[in-house]
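Spelled out, the chains give:
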Amino acid sequence: MAKLNVYNMKKEAVGTVELNDQVFNAELNEPLIHQVIVAIHNNQRQGTKSTLTRSEINASKKKIYKQKGTGNARHDEKSAPQFKGGGVVFAPKPRDFSQKINKKMRDIAFSSALSQKIRQDEVFVIDNINFADAKTKEASEFLKKFGLNKRTIVVTNGKSDNVLRATNNIQKVSAQDVRLLNVAEIVENTYIVIEKDAIKKLEEAYV
């Protein structure tokens, strides 16, 4: 089993944590990771966009002027797409974008993405993530100590309002409950800061 150093909030090493190879040492499977991320984003789409086609416009169907003799281009009714207030060509309509991905595929993609982050030394384990005053300044100083100057996700062992408030106003930084962490969040963030107890939760969920 691989080991990672465990730090406190001051970046002082306070121990190590053993990682289960089944979760944290999986082979990289880029096609599956991509497939699962696409499904996650598609499932987040509302699909409520809707505009009116020519046939749905409530306007007179009378020809706006005669076909010949006016010197103008030939036109039909006012609901034609070229007129203001006319219908939309190939108008978007409500649709379901949801895409099914089975649990086994999600689990493999999750372990694969997380294992790659560990191999790239982009995962930092903290014994207890807590910003006492829930201030942005506290979170900024913490990130600076660890040199986390790119997209970072802070993963807590359960929902933490203090961590959410402290990181909410920092650009490119987000916080997430470990139970809600998904493959897209792992891949789309450069660094992962995770509580030690959250590591155990992941092993319980994916072993």
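Predicted, not measured: the structure shown is a model, and the values here were computed from it.

Per the secondary structure count, the protein includes seven helices and six strands. Along the protein, helices (α) and strands (β) appear in the sequence β-β-α-α-α-β-α-β-α-β-α-β-α when read from the amino end. Computed over its C-alpha atoms, the radius of gyration of the protein comes to 26 Å, more than 25% above the 17 Å expected for a compact globule of 207 residues. For the protein, the spread of C-alpha atoms along the three principal axes comes to 90 × 40 × 25 Å. When burial is assessed residue by residue, the protein has 40% of its 207 residues classed as buried. When contacts within the protein are restricted to residue pairs at least 6 apart in sequence, long-range pairs at least 24 apart make up 69% of them. Of the roughly 12900 Å² of accessible surface on the protein, a fraction of 47% belongs to carbon and sulfur atoms. Here the protein contributes 35 positive and 24 negative side-chain charges, whose respective centroids are spaced 14 Å apart.

Walk down a regular strand and you will see the side chains alternate between the two sheet faces. When strand β1 (residues 2-7) meets strand β2 (residues 13-19), the two strands line up antiparallel, connected through six bridges. Residue pairing across strands places L4 opposite V17, the latter belonging to β2. What sits between the antiparallel neighbours β1 and β2 is a turn of five residues, in which K11 has the positive phi angle 65°.

This next bit is on the layout of surface pockets. Over the atoms, a rolled probe matching the size of one water molecule traces out where space is still vacant. By volume, the largest pocket amounts to about 270 Å³. Around the largest pocket sit 17 residues that line it, and I40, R106, L181, N182 and V183 are the ones nearest its centre. The set of elements that each furnish at least two residues to the lining of the largest pocket consists of α2 (30-44) and α3 (103-119). Element by element, the count of residues in the lining of the largest pocket is highest for α2, at five residues. Partitioning the lining of the largest pocket into residue classes produces nine nonpolar, four polar and four charged.

What follows deals with the nonpolar core. Among soluble globular proteins, nonpolar side chains are generally buried collectively. In terms of nonpolar packing, the biggest core is built from 32 residues, with F24, V183, I192 and I194 touching the most fellow members. Here this core gets six residues from one element, more than from any other, and that element is α2. Non-local contacts of I194, meaning those with residues more than four positions away in its chain, are made with V123, F124, V125, I126, I129, V155, I199 and L202. Judged by nonpolar contacts, the second largest core, of 19 residues, contains M9, I126, F146 and V193.

Under the counting rule described, the total for this entry stands at five aromatic pairs. Seen in terms of ring centroids, Y7 and F146 are 5.8 Å apart; in terms of plane orientation they differ by 85°. Their pairing is edge-to-face. With Y7 in strand β1 and F146 in the loop between α4 (136-145) and β4 (152-156), this residue pair connects regions lying 139 residues apart in the sequence. Classification of Y7 as buried rests on a relative accessible area of 19%. For F146, a relative accessible area of 6% puts it in the buried group. Lying across the ring of F97, R45 places its NZ or CZ 3.6 Å from the centre. Across from the ring centre of F83, 4.9 Å away, lies the NZ or CZ of K78, which sits over that ring.

Positionally, M9 belongs in the loop between β1 and β2. For M9, the residues in contact, after removing those within four places along its chain, are I126, D127, N128, I129, N130, F131, F142, K145 and F146.

Pairing in this open sheet of six strands is mixed, and the strands run β2-β1-β3-β6-β4-β5 from one edge to the other. Edge positions in the open sheet fall to β2 and β5 (173-177), since each of these has one partner strand only. Shown here is a sheet whose adjacent strand axes are inclined to one another by a mean of 30°, direction ignored. Sitting on the sheet, helix α7 (residues 196-206) touches β1, β2, β3 (123-126), β4 and β6 (191-195), and the angle it makes with β6 is about 95°.

Let us look at the environment of N130. Along the chain, the position of N130 falls in the loop between β3 and α4. Given the relative accessible area of 41%, N130 is considered partly exposed. Residue contacts for N130: discarding those within four places in its chain leaves M9 and N162.

About the cut-offs
- Residues numbered from 1 in each chain as written.
- Predicted model: local features only at pLDDT ≥ 70, side-chain atom pairs only at ≥ 80, totals over all residues.
- Heavy atoms only, no water.
- Helix = DSSP H or I, 4+ residues; strand = E, 2+ residues; numbered from the N terminus.
- Rg over C-alpha atoms; globule rule 2.2 N^0.38 Å.
- Buried < 20%, exposed > 50% of the residue type's maximum accessible area, 1.4 Å probe, protein only.
- Contact = heavy atoms within 4.5 Å.
- Areas by Shrake-Rupley, 256 points an atom, 1.4 Å probe, with all protein chains shown as cover.
- Lys, Arg positive; Asp, Glu negative; His and termini not counted.
- Charge placed at Lys NZ, Arg CZ, Asp CG, Glu CD.
- Pairing = 2+ DSSP bridges.
- 1 Å grid on protein atoms, 1.4 Å probe; cavity = no way out; pocket = protein on both sides within 12 Å on 5 of 7 lines; lining within 4 Å.
- Points joined across faces, edges and corners; volume = space filled by probe spheres on them.
- Nonpolar A, V, L, I, M, F, W, Y, C, P; charged D, E, K, R; others polar.
- Core = buried A, V, L, I, M, F, W, Y, C linked by side-chain atoms within 4.5 Å.
- Phe/Tyr/Trp six-rings, centres within 6.5 Å; stacked < 30°, edge-to-face > 60°.
- Lys NZ or Arg CZ within 6 Å of the ring centre and 35° of its normal.
- Axes fitted to C-alpha atoms, helices over the stretch in contact; angles between N-to-C directions.

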